[in-house]
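# Overview (structure and organization)
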Amino acid sequence: LAFTPVDGEPQALAFEAVKERINLPDDHLKRVLHSLACGKYKVLAKTPASSTIKTTDSFRVNATFACPMRKIRIPMASLDESHNPKRVEEDRTVAIEAAVVRIMKARKTLSHQSLLAEVLSQLAFFRPNPKVIKRRIEALIDREYLERDPDVANSYRYLA
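Summarised in this report is the structure supplied together with it. (Residues numbered from 1 in each chain as written. Predicted model: local features only at pLDDT ≥ 70, side-chain atom pairs only at ≥ 80, totals over all residues. Heavy atoms only, no water.)

## Re the packing of helix H4 (residues 112-122) against helix H5 (residues 130-142)
Relative to each other, H4 and H5 sit at 115 degrees, their axes nearing to 11 Å. Considering the angle they form, H4 stands roughly perpendicular to H5. At the point where H4 passes H5, the crossing takes the right-handed sense. Taking contact as the criterion, the partners of His112, Leu115, Leu116, Val119 and Leu120 in H4 are, on H5, Pro130, Ile133, Lys134 and Ile137. Within the contact of H4 with H5, the residues separate by chemical class into seven nonpolar, one polar and one charged. (Axes fitted to C-alpha atoms, helices over the stretch in contact; angles between N-to-C directions. Helix = DSSP H or I, 4+ residues; strand = E, 2+ residues; numbered from the N terminus. Parallel < 35°, antiparallel > 145°, perpendicular 65-115°, else oblique. Left-handed = near helix turned anticlockwise from the far one by under 90°. Contact = heavy atoms within 4.5 Å. Nonpolar A, V, L, I, M, F, W, Y, C, P; charged D, E, K, R; others polar.)

## A look at the environment of Lys105
Relative to the elements of secondary structure, Lys105 occurs in helix H3 (residues 85-107). Sequence spacing of Lys105 and Leu159 is 54 residues, and the spatial spacing of their C-alpha atoms is 8.3 Å.

## So, the pattern of salt bridges
Where side chains of opposite charge bring their charged atoms close, a pairing between them can arise. The full count for this structure, using the stated rule, is eight salt bridges. The salt bridge involving Lys19 is made with Asp26; its shortest N-O contact spans 3.0 Å. Residue Lys19 is classed as partly exposed on the basis of its relative accessible area of 28%. When salt bridges that share partners are traced, they join Glu97, Arg136 and Arg143 into one network. (Salt bridge = Lys/Arg side-chain N within 4 Å of Asp/Glu carboxyl O. Buried < 20%, exposed > 50% of the residue type's maximum accessible area, 1.4 Å probe, protein only.)

## A look at the nonpolar core
Counting 21 residues, the largest nonpolar core has Val100, Met104, Leu115, Ile137 and Leu146 as the members making the most contacts within it. The set of elements that each furnish at least two residues to this core consists of H3, H4, H5 and strand S6 (155-158). Broken down by element, the residue count for this core peaks at six residues, all from H3. Formed by ten residues, the second largest nonpolar core is a distinct cluster that contains Phe15, Val18, Leu33 and Ile53. (Core = buried A, V, L, I, M, F, W, Y, C linked by side-chain atoms within 4.5 Å.)

Take a look at the structure:
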């Protein structure tokens, strides 16, 4: 309803005008407008055409929008929340620890090199640094999921 056409012509609204009519905070409005103007289904046309939403942009109903489906699903844009480097690093450390525990639970005892190779093969989708894997193994030893094998050097044992 914020984009109701005047005299049959779709009107263009500046970001501030849309904000005033819809009454949403900037960050929420940017996510909504990004979903509608930059997503798979471009229901709104944005000027200037880019993949980011700025407060200087203007929006209008996309008169050329057509979709053969009766219903469409427009997902809400995340806008860099999932690509936050700190969160990505945190997720990766959890994935590394989970892989180490899974491997050690199955094998019970394993040398450092074998464990490293197996973790790298399981986590090939992001290729973790061996130093990071070593730190995660140390953290698991501190939390008593693993222990160094006292009989064999450079070897770990899984603690049930």
